[in-house]
Amino acid sequence: MHVGLIGGIGPSATDFYYRRLIQRAAEIGRDLELTMVHADARTLVNNLGANDQDAQIEIFYRLTERLRAAGAECVVVTSIAGHFCIDGFAAVSTLPILDITDAVSPWLKQQNLKSVGILGTDTVMTTAMYGKLGDVEVLQPKPSSLHTVHHAYVTLAQSAAPIPDLHHVFFDAGAEMISRGAQAILLGGTDLNVVFAENPTAFPIVDCAQIHVDHIAQSI
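To start, this report covers the structure provided alongside it. All figures in this text were calculated on a predicted structure; none of them were measured in a lab.

Basis of the calculations
- Residues numbered from 1 in each chain as written.
- Predicted model: local features only at pLDDT ≥ 70, side-chain atom pairs only at ≥ 80, totals over all residues.
- Heavy atoms only, no water.
- Helix = DSSP H or I, 4+ residues; strand = E, 2+ residues; numbered from the N terminus.
- Rg over C-alpha atoms; globule rule 2.2 N^0.38 Å.
- Buried < 20%, exposed > 50% of the residue type's maximum accessible area, 1.4 Å probe, protein only.
- Contact = heavy atoms within 4.5 Å.
- Areas by Shrake-Rupley, 256 points an atom, 1.4 Å probe, with all protein chains shown as cover.
- Lys, Arg positive; Asp, Glu negative; His and termini not counted.
- Charge placed at Lys NZ, Arg CZ, Asp CG, Glu CD.
- Pairing = 2+ DSSP bridges.
- Right-handed = clockwise from strand over helix to strand, strands pointing away.
- Axes fitted to C-alpha atoms, helices over the stretch in contact; angles between N-to-C directions.
- Parallel < 35°, antiparallel > 145°, perpendicular 65-115°, else oblique.
- Left-handed = near helix turned anticlockwise from the far one by under 90°.
- Core = buried A, V, L, I, M, F, W, Y, C linked by side-chain atoms within 4.5 Å.

In this section: the overall build of the protein chain. The secondary structure content of the protein chain amounts to 11 helices and 7 strands. In terms of C-alpha radius of gyration, the protein chain reaches 16 Å, essentially the compact-globule figure of 17 Å for 220 residues. Seen through its principal axes, the protein chain has C-alpha atoms that stretch 50 × 40 × 35 Å. Sorting the 220 residues of the protein chain into buried and exposed places 52% on the buried side. For the protein chain, the proportion of contacts with a sequence separation of at least 24, taken over those separated by at least 6, is 72%. On the protein chain, roughly 9,600 Å² of surface is accessible, and the fraction owed to carbon and sulfur atoms is 50%. Once the 13 positive and 23 negative side-chain charges of the protein chain are each reduced to a mean point, those two points are 2 Å apart.

Pasting the structure below:
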């Protein structure tokens, strides 16, 4: 299957998807056919903050038409924050969408996880990834740190490189949720793998982007 990636949201996440898809396709012995288009991260953040789903859907639709013209047979949004309008986008998209929640939810069930914490944008955290993670209990950072985590993540996502001074925000929030009973911490932002890959933690993490990549690779 020819995969269409909507990237740019953010740069590090796009690089992660591209490199890992190449790696996973090689590991399972499949040829990777892929076309990538660019969506603007700051525009997405503004639309997310205003909950302007129609504006973001229009952007995704336009980019999907470009991918379809290039021969893509499915479309992937390389941003969990970008999934805030995924249902509306699915209603108009001319290509099937490989939704990250369709990969993460069954994975959590297979691992028999009952309670997890989550890091990402405030929308992802407060909605427990848009309410699409099944029966698992999803803890969010305590109210006093929720906005700090959101701001740190948005700053990270709009950057093309890791920001060392921010990693303690995610680590502290993750440790606090573990203390409240979370069995693992979901990286609910596709740029977070950059931070956690370079800094070992004392608690287990679930890399949602990697689960998504594995799901995509199995679909090609």
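Looking now at the pairing of strand 2 (residues 33-38). Of the pairings in the sheet, the one linking strand 1 (residues 2-7) to strand 2 comprises 6 bridges and is parallel in character. Opposite G4, over in strand 2, you have T35 as the bridge partner. Between the parallel pair strand 1 and strand 2, the chain is carried across by helix 1 (residues 11-27), and the sense of this crossover is right-handed.

The 4 strands lie next to each other as 5-4-6-7, forming an open sheet whose pairing is parallel. Of all strands in the sheet, those with a lone pairing partner are strand 5 (137-139) and strand 7 (205-207), marking the two edges. Taken over all neighbouring pairs, the strand axes of this sheet differ in orientation by 35 degrees on average, direction set aside. Pairing geometry for strand 6 (residues 184-187) and strand 7, over 3 bridges, is parallel. By the bridge assignment, I185 is partnered in strand 7 with I205.

Taken together, 3 strands build an open sheet; the order of strands is 2-1-3 and the sheet is parallel. The outermost strands of the open sheet, each flanked by one partner alone, are strand 2 and strand 3 (74-77). Across the sheet, the mean angle separating the axes of adjacent strands is 25 degrees when strand polarity is ignored. Across the face of the sheet, helix 1 comes into contact with strand 1, strand 2 and strand 3 while running at roughly 175 degrees to strand 2.

Turning our attention to the packing of helix 1 against helix 11 (residues 208-219). To describe two helices that pack against each other, one gives the angle between their axes and the distance between the axes. At their nearest, the axes of helix 1 and helix 11 sit 9 Å apart, and the two run at 45 degrees to each other. As far as their axial angle goes, helix 11 and helix 1 are oblique. By crossing handedness, the relation of helix 1 to helix 11 is classed as right-handed. Within the contact between the two elements, helix 1 uses F16, Y17, R20, L21 and R24 and helix 11 uses A209, Q210, H212, V213, D214, I216, A217 and Q218.

Moving on to the nonpolar core. Across soluble globular proteins, nonpolar side chains have a tendency to be buried as a group. Counting 75 residues, the largest nonpolar core has I6, Y17, L119, F170, L186 and F196 as the members making the most contacts within it. A per-element tally of this core places helix 8 (residues 143-157) first, with 6 residues. Dropping the residues within four chain positions of it, F170 is found in contact with L119, V149, A152, Y153, L156, L192, V195 and F196.

This paragraph deals with unusual backbone geometry. Note the cis peptide between I9 and G10, where omega equals 0 degrees. For N51, which is not glycine, the phi dihedral falls at a positive 50 degrees. Structurally, N51 can be placed in the loop between helix 2 (41-49) and helix 3 (53-69). Positive phi values are uncommon outside glycine, yet N112 reaches one of about 60 degrees.

Honestly, that's just the spatial picture; any functional story needs more than this.
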